[in-house]
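Okay, here's what each chain looks like letter by letter:
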Amino acid sequence: MTDKKSQRIISIEGADPRVLFGRHGVYLTLIEARLGVGLTARGEEVIAVGTPEHLDVAARLFGDLFAHIEKTGELSERYLHYAMTVVAEGGEGPSAQLETNGETAGANRQRIAPKTLGQKSYLDAIENFDITICIGPAGTGKTYLAVAMAVAEWKAKLVSRIILARPAVEAGESLGFLPGDIRAKVDPYLRPVYDALYDMMAMEKMHRLMEDGTIEIVPLAFMRGRTLNNAFVILDEAQNTTAGQMKMFLTRLGERSKAVVTGDVTQVDLVNPSSSGLILASRILQGIKGIGFVQLTEKDVVRHRLVASIINAFERHEQAGRDRAESAENQGPARRNRRR
């Protein structure tokens, strides 16, 4: 027995249909496929047909999209997919909760704002805790937003310098055999950090600040023995630190300083992945006052919409492999018992 279909009229008065519906109505097609409703645009109304439950979701979605367009003047396919995910899970839509952080202005004065609720929690944690540990998959903006907040705090004179570090795991932290000076040796490992900084300030200014030591971009190994006062310190790709390196980094923090640690525990490049300092820190530092923890997921991916699907596919594959290994391990004793 099928659910009885109903009809509902959703007002879109004041909205620009070209923005709300997308080019050639592509957004309407996406909404129909995702929410299981039929949509027909007529003037300043959308006629929706579906089950009462689906119509409720569609009405919440259009309300959120309308608010998002009023706030930003645009609607991207990325935001549409995210909003559909939130409302389909029973939420009211993310627009009202994604307030722009007015202090994080990048180069050319563009706003650096959270695009998902997870990203907003991340920015809130950075603002409210001295140390923030953020774990999440690729594409969730972990590094980018940390750099944005670092630049914002430096511009507000809350810190006097910015230090960004990464473990050069591919070279085993032993960079001497690579050609060139120290900059040439470490640049390949630190390129994503440079890319984020280029978005935050003009290239000439960034290079000037690097020359006078206001901004440092260094491999993690070079931080041993230092005390970092009045600084915003970021450790990126922290899943590739050992427990000793993680302890070393966190204990560098001095007066009036803030640290952000980011990483993806599904992409550990260490010989023994279980020895990751990020995994250990996320387990043993819980409950310490002043340390905030943020877990981002595939819902917070802000790269191409396929990235989230790719992450899910790999996670399913890896889980299936773990299940097979566990099954084989459990069957081993049973076979031995039968032979007896």
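Located above this text is the structure these notes cover.
Let me begin by describing the structure that accompanies this report.

Here is what the cut-offs are and how they apply
Residues numbered from 1 in each chain as written. Predicted model: local features only at pLDDT ≥ 70, side-chain atom pairs only at ≥ 80, totals over all residues. Heavy atoms only, no water. Helix = DSSP H or I, 4+ residues; strand = E, 2+ residues; numbered from the N terminus. Contact = heavy atoms within 4.5 Å. Areas by Shrake-Rupley, 256 points an atom, 1.4 Å probe, with all protein chains shown as cover. Expected span 1.5 Å × (residues − 1). Axes fitted to C-alpha atoms, helices over the stretch in contact; angles between N-to-C directions. Parallel < 35°, antiparallel > 145°, perpendicular 65-115°, else oblique. Left-handed = near helix turned anticlockwise from the far one by under 90°. Core = buried A, V, L, I, M, F, W, Y, C linked by side-chain atoms within 4.5 Å. Buried < 20%, exposed > 50% of the residue type's maximum accessible area, 1.4 Å probe, protein only. Patch = residues over 30% accessible without salt bridge, like charges linked within 9 Å, V, L, I, M, F, W, Y side chains within 5 Å. Salt bridge = Lys/Arg side-chain N within 4 Å of Asp/Glu carboxyl O. Lys, Arg positive; Asp, Glu negative; His and termini not counted. Charge placed at Lys NZ, Arg CZ, Asp CG, Glu CD. Pairing = 2+ DSSP bridges.

Let us now look at the overall build of the protein. In terms of regular secondary structure, the protein is built from 11 helices and 9 strands. Residue pairs at least 24 apart in sequence account for 70% of intrachain contacts in the protein once pairs closer than 6 positions are excluded. Accessible area of the protein: about 18,200 Å², with a carbon and sulfur share of 51%.

Looking now at helix α5 (residues 117-128). Counted at 1.5 Å a residue, the expected span for α5 with its 12 residues is 16 Å, and the 16 Å between its end C-alpha atoms agrees. Summarising the contacts, the buried residues of α5 are in contact with α4 (77-88), β4 (131-135), α6 (142-155), β7 (231-235), β8 (258-263) and β9 (291-295).

This part takes up the packing of helix α2 (residues 26-35) against α4. Axis separation between α2 and α4 bottoms out at 11 Å; the angle between their running directions is 25°. On the basis of their axis angle, the class for α2 and α4 is roughly parallel. When the axes of α2 and α4 are compared, the crossing they make is right-handed. Contacts between α2 and α4 involve Tyr27, Leu30, Ile31 and Arg34 from the former and Glu77, Leu80, His81, Met84 and Thr85 from the latter.

Looking now at the nonpolar core. Counting residues in each nonpolar core, the largest one holds 33 residues, and the members touching the most others are Leu164, Ile215 and Ile217. Of all elements in the fold, only α5, α6, β5 (161-166), α7 (182-200), α8 (203-211), β6 (215-219) and β7 reach the threshold of two or more residues within this core. Considering every element that reaches this core, the biggest residue donor is α6, with 8 residues. Once residues lying within four places of it in the same chain are set aside, the contact partners of Leu164 are Val147, Val193, Leu197, Ile215, Glu216, Ile217, Val218 and Ile234.

Quick look at a positive patch on the surface now. A cluster of basic residues, Lys155, Lys157, Lys205 and Arg208, forms a positive patch at the surface. Counting through the fold element by element, Lys157 comes out in the loop between α6 and β5. Under the relative-accessibility criterion, Lys157 is labelled exposed at 74%.

Moving on, we come to the pattern of salt bridges. For the structure shown, the criterion picks out 9 salt bridges. Its salt-bridge partner being Arg226, residue Glu216 comes within 2.9 Å of it at the nearest N-O pair. Placement of the pair is Glu216 in strand β6 and Arg226 in the loop between β6 and β7, with a sequence separation of 10 residues. Here Glu216 falls in the buried class, since its relative accessible area comes to 18%. Salt bridges here are not isolated pairs; linked through shared partners, they connect Arg161, Glu216 and Arg226.

Taken in spatial order, the 6 strands make up an open sheet running β6-β5-β7-β8-β4-β9, and their pairing is parallel. Sheet topology places β6 and β9 at the edges, where each strand pairs with a single neighbour. Taken over all neighbouring pairs, the strand axes of this sheet differ in orientation by 15° on average, direction set aside. Relative to β8, β7 is paired through 4 bridges, and the arrangement is parallel. Bridge pairing links Leu235 to Val261 in β8. Contacts from α6 reach β4, β5, β7 and β8, with the element oriented near 170° to β7.

Structural measurements only, silent on function.
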